[in-house]
Amino acid sequence: MTNPVKEIFSGDAPPAPAALAAKVRTLAPSMTRSMQRVAEAVADDPAGCAALTVTGLAELTGTSEATVVRTARLLGYPGYRDLRLALAGLAAPQQSGRAPAVTADIAVDDPIADVVAKLAYDEQQTLADTAAGLDTVQLGAAVAAAATARRIDIYGVGASSLVGMDLAQKLLRIGLIAHAHTDPHLAVTNAVQLRSGDVAIAITHSGSTGDVIEPLRVAFDRGATTVAITGRPDGPVSQYADHVLTTSTARESELRPAAMSSRTSQLLVVDCLFIGVAQRTYETAAPALAASYEALAHRHSPRTRTR
């Protein structure tokens, strides 16, 4: 099986500077400690690192020139020279005199107005990182499979199950057969019924949730097209995924667990998937959506008050 990390983060053209910070956050957990030091250095101080030679960056991070070059290539750049150009582009906005961005760290005694501002900033950053790192080729392939699927099964537990249910109800409203399974036993028993022409979607931020991986593996073995929505493209779930859609791995804090940040990025990905499917199936999706609105319209009408 091909390496999902290589497929997602390698391409003919180096990634845009705006995507660099997102890719560092996504790939850092799968790097060696020495490569992490290089990646963290370029993400934390792009301007300073852009001015360094490969030897200088190696000395700064206590690594070797070979490690610096390997890190650049893992991040999607042909070599260190290309990474330096991206760092210069990333550093330019920081040197333009704009005010520094707020930090998303939330303290126990923060006023509620500060909590709102910090969460809003962090949500925006999570969405931007996810959009920058999302492989549109992989997304397009997942859309094509879902648009023609006989049936779509979606697996997720915890916060990811809420995202799965959101996707399922959207697909149902445009006339597709979609089910979100939150019970791991039912997920597996339903996966057994899948075959070629069906689609199975696993949602797991960590990429290692056993209750999500198991039904995806069964679906994969049965010949269904499988999709993983995950913050860890190198995680075990990718072994059984034909297409991997990567979400942002936002930094956690004491009062903001991974479930919050992952949900934001997952919702963006499933919305992109849904819109893509709706576009491809527009002739049937539009009437189905209109019919669902009409069927529910009376529930949204104000009721007349009786004495």
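A short tour of the structure in this document, coming up. A quick note: this is a predicted structure, and the numbers were derived from the prediction, not measured. (Residues numbered from 1 in each chain as written. Predicted model: local features only at pLDDT ≥ 70, side-chain atom pairs only at ≥ 80, totals over all residues. Heavy atoms only, no water.)

**A few points about the overall build of the chain**
Secondary structure summary: the chain contains 14 helices and five strands in total. Evaluated residue by residue, the chain yields a buried proportion of 45% over its 307 residues. Long-range contacts, defined here as pairs at least 24 residues apart, represent 71% of the contacts in the chain between residues at least 6 apart. With the model as given, the accessible surface of the chain reaches about 15500 Å², and the carbon-plus-sulfur share is 56%. (Helix = DSSP H or I, 4+ residues; strand = E, 2+ residues; numbered from the N terminus. Buried < 20%, exposed > 50% of the residue type's maximum accessible area, 1.4 Å probe, protein only. Contact = heavy atoms within 4.5 Å. Areas by Shrake-Rupley, 256 points an atom, 1.4 Å probe, with all protein chains shown as cover.)

**What about empty space enclosed by the protein?**
This model, assessed by the stated rule, comprises one cavity of 30 Å³ or more. Empty space within the largest cavity amounts to approximately 30 Å³. Contributing elements (two or more residues each) for the lining of the largest cavity: α11 (184-191) and α12 (210-221). Of the residues forming the lining of the largest cavity, the biggest block, three residues, is contributed by α12. Residue classes in the lining of the largest cavity are distributed as six nonpolar, three polar and two charged. (1 Å grid on protein atoms, 1.4 Å probe; cavity = no way out; pocket = protein on both sides within 12 Å on 5 of 7 lines; lining within 4 Å. Points joined across faces, edges and corners; volume = space filled by probe spheres on them. Nonpolar A, V, L, I, M, F, W, Y, C, P; charged D, E, K, R; others polar.)

**Points about the packing of aromatic side chains**
According to the stated counting rule, one finds one aromatic pair in the structure shown. Here Arg173 stacks its cationic end above the ring of Tyr293, 4.7 Å away from the centre of that ring. (Phe/Tyr/Trp six-rings, centres within 6.5 Å; stacked < 30°, edge-to-face > 60°. Lys NZ or Arg CZ within 6 Å of the ring centre and 35° of its normal.)

**What to know about the pattern of salt bridges**
The tally for this structure, following the rule as stated, stands at nine salt bridges. Between Glu40 and Arg33 there is a salt bridge, with its nearest N and O atoms 4.0 Å apart. The shortest N-O distance in the salt bridge between Asp153 and Arg151 comes to 3.1 Å. Neither Asp153 nor Arg151 differs from the other in exposure class; each is buried. Three or more residues joined by partner-sharing salt bridges are found here, namely Asp166, Lys170 and Asp271. (Salt bridge = Lys/Arg side-chain N within 4 Å of Asp/Glu carboxyl O.)

**Considerations on the nonpolar core**
Formed by 30 residues in total, the largest nonpolar core has its most connected members in Ile152, Leu171 and Ile201. Secondary-structure elements contributing two or more residues to this core are α9 (136-147), β1 (152-155), α10 (159-173), β3 (199-204), β4 (225-230) and α13 (258-280). If near-sequence neighbours (up to four positions away) are discounted, Ile201 is found in contact with Ile152, Asp153, Ile154, Tyr155, Leu167, Val227, Ile229 and Leu273. Residues Leu20, Val68, Tyr80 and Leu90 belong to the second largest nonpolar core, which totals 22 residues. (Core = buried A, V, L, I, M, F, W, Y, C linked by side-chain atoms within 4.5 Å.)

In short, the description is geometric, and any link to function would need to be established separately.
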